[in-house]
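# Summary of the model geometry
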Protein chains: 2
Amino acid sequence: MPRLKCKIKYDGSGFSGFQRQPQNRTVQGALEGVLKKMHKGSEIHLQASGRTDTGVHAIGQVIHFDSPYTIPDENWKRALNTLLPDDIYVDEVTEVSEDFHARYSAKEKEYHYFVWNAKEPNVFRRNYSYNFPYALDIEKMQEGCTYLVGTHDFTTFSSAKSTTKGSKIRTLYQVTCQKNGDEIEFIFKGSGFLYNMVRIMVSVLLDIGQGKRDPSDIIDLLEKKDRQLAGKTISPQGLYLWNVTYDK
Amino acid sequence: MPRLKCKIKYDGSGFSGFQRQPQNRTVQGALEGVLKKMHKGSEIHLQASGRTDTGVHAIGQVIHFDSPYTIPDENWKRALNTLLPDDIYVDEVTEVSEDFHARYSAKEKEYHYFVWNAKEPNVFRRNYSYNFPYALDIEKMQEGCTYLVGTHDFTTFSSAKSTTKGSKIRTLYQVTCQKNGDEIEFIFKGSGFLYNMVRIMVSVLLDIGQGKRDPSDIIDLLEKKDRQLAGKTISPQGLYLWNVTYDK
């Protein structure tokens, strides 16, 4: 059976996260509903590169599924977009070999996080950027970013509720932040991310920007491997799954 | 009683328009609900510079109301914003003289209209910009804009359902459009606007951009004074009440 890889965008505002739930509107539910319709009532299960939480957006989420149909990629794209609600959009469909797996074949992931950092909030960004009206020292935050780059045990920066049993060692290739107008954009690229990891890292970086922590405190936080030390998980609406990279 | 003028922003996506309705969520309903709470259950009625339809946004809507309270302007602003939902924001509160009227004292209004003009739609702009994926000749549209500037009878460009009994003569001071990246921004400034007028003008300008009409057809459309000739009213989500100007 042909295996299809899809690169999709979604506005997370109207979804109770990615993962299918019996009662709530989810991205997986919407996608599998459309696939079921296209397959005359047969259930088609999809796999994603990873879940996203309620309110989290995607610019480049990747999913795969198997279908008995042989349809040109462009027609798949058109058919899916015709049936999908207007807060999900399929950017690319590619037929891939059957050893491709959206989650297990992923080599690198990229997340962005946006913070609206102005005295007045922006009603139009409220679902798309975290509103933080207090003064921030961007240079200190940028210094803090540098300590996150590299291979570390990120236990301190992952949800205590995480069900991941395995290693909490991950490699971050890029961690940056910069202010464009009234908005701060954080970029995180890495081999993989633990549950809530980006949202906890941003929370600590904002503490640094406010002077509540020193940039180099990150070294200590990583060493201590204690989730309690990193403070709260920042809210989801500023977070975007930006890109997932696979071997060619 | 002190009269308060407020400049407000709102994301129109979650409202059934500005005007109060018994069953639906409206901007006026939300504002008057907060005023009632602040006035211990007394109804406080507000006046706006004009209504906006379902899905239409505001960057600079102006309202006024009378209150028995004497509170510094900054405290009014803080109190209102604390109680308002996060899709409405009060930018400015100013105590004004009792002859000020948000609607009747308005000298000039400005509307902007955004069109997402790319091959692929943008899920994040779907409530904020009209999706129009077809090729447009911006220069022709800009030429069309010039014929709208000036004092004209805008009967052709106003809703046939309009309840305005008076003159349909209005003066437009500025009509422009330009493309920034994948988005086209139209700007309309004028002495006043008839019901649906901006949305009908944009619809005709898109016809011109597609080559379905010539730019100079606008001269003829204005002369004919016939709503039937101008085609459909474009959808509301690209429209923003941008600014209302009053005498100092």
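As a convention, each chain's residues are numbered from 1 in the sequence order in which they are written. Lettering for chains starts from A, numbering for ligands starts from 1, and both go in the order in which the items are written. Owing to the predicted nature of the model, reporting of local features is limited to residues with pLDDT of at least 70; listing and counting of side-chain atom pairs is limited to 80 or more, with chain, interface and lining totals taken over all residues. Note that water and hydrogens are dropped before the side-chain values are worked out from all heavy atoms of the structure.

If you look chain A up in an unreviewed UniProt entry, it shows as tRNA pseudouridine synthase A from Oceanobacillus polygoni.

### Points about the UniProt feature "active site" (unreviewed entry) in chain A
If you check UniProt for "active site" (unreviewed entry), the listed places come out as Asp53 of chain A in our numbering. Burial classification: accessible surface area is computed with a 1.4 Å probe over protein chains only, and a residue below 20% of its type maximum counts as buried, one above 50% as exposed, and the rest as partly exposed. On the accessibility criterion, Asp53 of chain A (23% relative accessible area) is partly exposed. UniProt positions are given in the numbering used here, feature names are shortened, and annotations may be inferred rather than shown by experiment.

### Points about the side chain of His112 of chain B
Residue position: His112 of chain B is located in strand E5 (residues 106–116). Setting aside residues up to four positions removed in sequence, His112 of chain B forms contacts with Glu185, Phe186, Ile187, Gly238, Leu239, Tyr240 and Trp242 of chain B. Put simply, DSSP H or I for four residues or longer makes a helix, DSSP E for two residues or longer makes a strand, and each gets a number counted from the N terminus. By definition, residues are in contact when any of their heavy atoms lie within 4.5 Å.

### Examining the interface of chain A and chain B
By a widely used convention, the size of an interface equals the accessible area lost when the partners come together. Between chain A and chain B, the contact holds 19 residues from the first and 19 residues from the second. Using a 1.4 Å probe, buried area is obtained as the accessible area two parts lose upon being combined, added over both of them. When chain A packs against chain B, the two sides together hide about 1600 Å² of surface, and 61% of this comes from carbon and sulfur. In terms of surface lost to chain B, no three residues of chain A exceed Val123, Phe124 and Arg126 of chain A, which account for 40% of the buried area on that side. By convention in these notes, a salt bridge is any Lys or Arg side-chain nitrogen within 4 Å of a carboxyl oxygen on Asp or Glu. Between the two partners, chain A and chain B, sit 8 salt bridges.

### Quick word on the packing of aromatic side chains
Aromatic ring pairs: the centre-centre distance and the angle between the two ring planes describe each pair. Here is the rule: rings of Phe, Tyr and Trp (six-membered ring for Trp) pair when centre to centre is within 6.5 Å. Planes less than 30 degrees apart are stacked, more than 60 are edge-to-face, and the remainder are tilted. This structure, assessed with the given rule, holds 29 aromatic pairs over all chains. Their ring planes at 85° and their centres at 5.3 Å tell us that Phe132 of chain B and Tyr134 of chain B sit as a pair that is edge-to-face. Counting every residue linked through ring pairs, the aromatic cluster contains Phe114, Phe124, Tyr128, Tyr240 and Trp242 of chain A together with Phe114, Phe124, Tyr128, Tyr240 and Trp242 of chain B. Charges are assigned to positions over rings by a cutoff of 6 Å between ring centre and Lys NZ or Arg CZ, combined with an angular limit of 35 degrees from the ring normal. Over the ring of Phe114 of chain A we find Arg125 of chain A, and its NZ or CZ is 5.9 Å from the ring centre.

### Describing the nonpolar core
Leu80, Phe157, Phe186 and Met201 of chain B are the most contacted members of the largest nonpolar core, which totals 68 residues. Counting only domains with at least three residues in this core, you end up with domain 1 (3–96) and domain 2 (108–246) of chain B. Phe186 of chain B has contacts with Tyr111, His112, Tyr113, Val115, Met141, Thr176, Cys177, Val202, Leu205 and Leu206 of chain B, leaving out every residue within four places of it along the chain. Counting 67 residues, the second-largest nonpolar core is a separate cluster that includes Ile63, Phe65, Leu172 and Val198 of chain A. Among buried residues, the Ala, Val, Leu, Ile, Met, Phe, Trp, Tyr and Cys ones that are joined through side-chain atoms within 4.5 Å form a nonpolar core. Domain limits in this description derive from either an automatic procedure or a database domain assignment.

### Considering the packing of helix H3 (residues 138–148) of chain A against helix H4 (residues 197–209) of chain A
Residues and elements named next belong to chain A. The N-to-C vectors of H3 and H4 enclose an angle of 140°; their axes lie 8 Å apart at closest approach. Of the possible angle classes, the one that applies to H3 and H4 is oblique. Between H3 and H4 lies a crossing of right-handed hand. Counting all contacts with H3, which are made through Lys140, Met141, Gly144, Cys145 and Leu148, the residues of H4 involved are Met201, Leu205, Leu206, Ile208 and Gly209. A fitted line through C-alpha atoms represents every axis, and for helices the fit uses only the stretch in contact; the resulting angles, taken between N-to-C directions, go from 0 to 180 degrees. These descriptions rest on fixed angle ranges, namely under 35 degrees for roughly parallel, over 145 for roughly antiparallel, 65 to 115 for roughly perpendicular, and the rest for oblique. Crossing handedness follows the turn of the near helix against the far one: under a right angle anticlockwise gives a left-handed crossing, and clockwise gives a right-handed one.

### Looking at the pattern of salt bridges
The full count for this structure, using the stated rule, is 28 salt bridges over all chains. One salt bridge in this structure joins Asp207 of chain B and Arg213 of chain B, with 2.9 Å as the shortest N-O distance. According to the relative accessible area criterion, Asp207 of chain B is buried, its value standing at 15%. Counted as one network, the salt bridges with shared partners bring together Asp11, Arg25, Asp86 and Asp87 of chain A together with Arg126 of chain B.

### Some points on unusual backbone geometry
Most peptide bonds are trans, and most residues other than glycine sit at a negative phi. Residues and elements named next belong to chain B. At Asn196, a residue that is not glycine, the phi angle is positive and equals roughly 70°. With respect to the secondary-structure elements, Asn196 resides in the loop between strand E9 (183–190) and helix H4 (197–209). For Asn196, a relative accessible area of 14% puts it in the buried group.

### Comments concerning the domain arrangement of chain A
All names here are of chain A. Taken domain by domain, chain A comprises domain 1 (3–96) and domain 2 (107–246). One C-alpha centre belongs to domain 1, the other to domain 2; they are set 27 Å apart. Taken together, the contact pairs 17 residues of domain 1 with 15 residues of domain 2. For the pair domain 1 and domain 2, the two sides together bury roughly 1300 Å², of which 54% comes from carbon and sulfur. Its largest share of buried area at the contact with domain 2, domain 1 owes to Asp53, His57 and Ile59, together 39% of the area lost on that side. In this structure, the connection of domain 1 to domain 2 is made through 1 salt bridge. The shortest N-O distance in the salt bridge between Asp53 and Arg199 comes to 3.3 Å. The definition of a polar contact used here is a pair of N or O atoms within 3.5 Å, where within protein one atom must be able to donate a hydrogen and the other to accept one, and adjacent residues in sequence count solely through side-chain atom pairs. Taken together, the links from domain 1 to domain 2 amount to 11 residue pairs in polar contact (both at pLDDT 80 or more). Secondary structure elements with two or more residues in the side of domain 1 that touches domain 2: strand E1 (3–10) and strand E3 (57–66). Of all the elements, E3 adds the most residues to the side of domain 1 that touches domain 2, at 6 residues. Classification convention: Asp, Glu, Lys, Arg as charged; Ala, Val, Leu, Ile, Met, Phe, Trp, Tyr, Cys, Pro as nonpolar; all other residues, Gly among them, as polar. For the side of domain 1 that touches domain 2, the class distribution of residues is 4 nonpolar, 9 polar and 4 charged.

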